[in-house]
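For reference, the chains in residue letters:
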Amino acid sequence: MNRIVAKRWLAPSVACLEVEAPLTARKRQAGQFVILRVTEEGERIPITIAGSNPEAGTITLVVQQVGKTTHDLCALEPGQYLKDLVGPLGQPTHIERWGTVVAVAGGVGAAVILPIAAALQAAGNQVQTILGARSQDLLILEDELGAVSEKLWITTDDGSRGEHGLVTAPLERLLKAGPVGHVVAAGPLPMMRAVCEATRPYGVPTVVSLNPVMVDGTGMCGGCRVTVGGEVKYACVDGPEFDGHQVDFDELRARLAIYRDKEEISRGRRCQSQMQPVR
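Counting restarts for each chain, with residues numbered from 1 along the sequence as it is written. The model is predicted, so local features are restricted to residues of pLDDT at least 70 and side-chain atom pairs to those at 80 or more, both for listing and for counting; the totals for chains, interfaces and linings are taken over all residues. Just so you know, side-chain values use all the structure's heavy atoms and leave hydrogens and water out.

A. Here's a closer look at the pattern of salt bridges. What makes a salt bridge here is a side-chain nitrogen of Lys or Arg within 4 Å of a carboxyl oxygen of Asp or Glu, nothing more. Scanning the model with the defined rule gives 13 salt bridges in all. Where Asp84 meets Arg37, a salt bridge forms, and the shortest distance between an N and an O atom there is 2.5 Å. With Asp84 in strand β7 (residues 84-89) and Arg37 in strand β3 (residues 33-37), this pair connects stretches of sequence that are 47 residues apart. Given a relative accessible area of 22%, Asp84 falls into the partly exposed group. Under the scheme applied here, a residue whose accessible area is under 20% of the maximum for its type counts as buried, over 50% as exposed, and between as partly exposed, the area being computed with a 1.4 Å probe on protein chains only. On the basis of relative accessibility, which here comes to 17%, the residue Arg37 falls in the buried class. In this structure, the salt-bridge partner of Arg193 is Asp250, at a minimum N-O distance of 2.8 Å. Placement of Arg193 in helix α6 (residues 189-199) and of Asp250 in helix α7 (residues 249-256) is noted, with a sequence separation of 57 residues between them. Overall, the relative accessible area of 38% leaves Asp250 in the partly exposed class. Each of Arg37, Glu40, Lys83 and Asp84 takes part in a single network of salt bridges with overlapping partners. Counting from the N terminus, the helices are DSSP H or I runs at least four residues long and the strands are E runs at least two residues long.

B. Expanded view of the pairing of strand β5 (residues 58-64). For β5, the buried fraction is high: six of the seven residues fall into the buried class. By this definition, two strands are paired if DSSP reports at least two bridges between them. Relative to β5, strand β2 (residues 14-20) runs antiparallel, the two sharing seven bridges. Within the sheet, the bridge partner assigned to Glu20 lies in β5 and is Thr58. The sheet contact formed by strand β4 (residues 45-53) and β5 spans four bridges and is antiparallel.

C. Local environment of the domain arrangement of the protein. Annotation comment: domain bounds sourced from an automatic or database domain assignment. Under the domain assignment used here, the protein contains domain 1 (2-89), domain 2 (93-209) and domain 3 (210-262). Taking only C-alpha atoms into account, the centre of domain 1 sits 22 Å from that of domain 3. Contacts were defined at the residue level, with two residues in contact if any of their heavy atoms lie within 4.5 Å. Counting residues at the interface gives six residues for domain 1 and nine residues for domain 3. As a working definition, buried area equals the accessible area (1.4 Å probe) given up by two parts on being put together, with both sides summed. A combined buried area of about 600 Å² lies between domain 1 and domain 3, and 57% of that area is made up of carbon and sulfur atoms. Taken as a group, Phe33, Arg44 and Pro46 account for 61% of the area that domain 1 buries against domain 3, more than any other trio of residues on that side. One can count zero salt bridges joining domain 1 with domain 3. Between N or O atoms, a polar contact is any pair within 3.5 Å; within protein, one atom must be a potential hydrogen donor and the other a potential acceptor, and residues adjacent in sequence are included only when both atoms are from side chains. For the interface between domain 1 and domain 3, the tally reads zero residue pairs in polar contact (both at pLDDT 80 or more). Three classes are used: nonpolar for Ala, Val, Leu, Ile, Met, Phe, Trp, Tyr, Cys and Pro, charged for Asp, Glu, Lys and Arg, and polar for all others, with Gly counted as polar. The residue makeup of the side of domain 1 that touches domain 3, split by class, is four nonpolar, one polar and one charged.

D. Highlighting the sheet that holds strand β9 (residues 126-133). Across the sheet, which stays open at both edges, the seven strands sit in the order β11-β10-β9-β8-β12-β13-β16 with mixed pairing between neighbours. At either margin of the open sheet sits one strand with a lone partner, and together these are β11 (163-164) and β16 (241-243). The pairing of strand β12 (residues 182-186) with strand β13 (residues 206-209) spans three bridges and is parallel. Bridge pairing links Val183 to Thr206 in β13. Against the sheet, α6 contacts β8 (100-106), β12 and β13, and its axis sits at roughly 165° relative to β12. To get an axis, fit a line to the C-alpha atoms, keeping to the stretch in contact for a helix; angles then go from 0 to 180 degrees between the N-to-C directions.

E. Quick look at the side chain of Thr199. You can see Thr199 is positioned in helix α6. Of the polar contacts made by the side chain of Thr199, one reaches the side chain of Thr206; its length is 2.6 Å. When residues no more than four places from it in sequence are discounted, the contact partners of Thr199 are Leu171, Leu175, Val183, Val204, Thr206 and His245.

F. Representation of the sheet that holds strand β6 (residues 81-82) within the structure. With antiparallel pairing, seven strands are arranged side by side in an open sheet as β6-β1-β2-β5-β4-β3-β7. Two strands close off the open sheet at either side, each with one partner strand: β6 and β7.

G. Quick look at the pairing of β8. The buried count for β8 comes to six of seven residues, which makes it a mostly enclosed element. Two elements, β8 and β9, share seven bridges in a ladder whose sense is parallel. Residue pairing for β9: Thr100 is matched across the bridge by Gln126. Crossover β8 to β9 through helix α3 (residues 109-122) is right-handed. Bridge count between β8 and β12: five bridges; the pairing is parallel. Looking at β12, one finds that Ala105 is bridged to Ala186. Think of it like this: strands point away, you trace from the first strand over the helix to the second, and a clockwise trace means the crossover is right-handed.

See below:
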């Protein structure tokens, strides 16, 4: 079992947890993730490792309340325990010295981009980071991303902070100003797809971090399969990062929705159980 050491809220529905995981903390690299369970009966879910403290033996997990399991995870308080956790899993981010690199983060994709941007900066790249969200209250890790970026661009869909509009607007300006050697994106599927379409005409290599449904994290169950360049890949062992210009986003979108009805049933049961009187 893994103890929750600290917890803070980054946004109304986004929690940052520090979790004891000494071996994972020592071995993790940018781009990798863990799979965890909150309870014995709970599902296994993948969460990106946003950071680590090898000396303290802890890892940082950023969790958005979306379904039943993430609500249960965010409800944990310091001193409580996860049922189990395994990792680091997945392929580490491929890091080179490309020169100017643009890192694009949408929503909680900021937690994925943060360790990648830090690794890119450490390798000598000039990191330009674009952080976007629907509104100001949903922007997270702004200070942390700014510390590992040459410049941080902020966009919000409603204009409540930074530039009014989508992350693709500053991305287009950076691409036109050039040269951009590499782009990496993490966030909602439509955002990552839009980033790939923006970079395609410029021929700039673009990597996206995918988060399909996962179960075992070893490539055995096949739940996280994606089609990349016409070939079947498994995000848990081949990814989670892939060439965005080769990803079949239509197929991926359909697969992400496959359990949506069951998730709604599960959330409904959770809400009903919380409404029952205490005996």
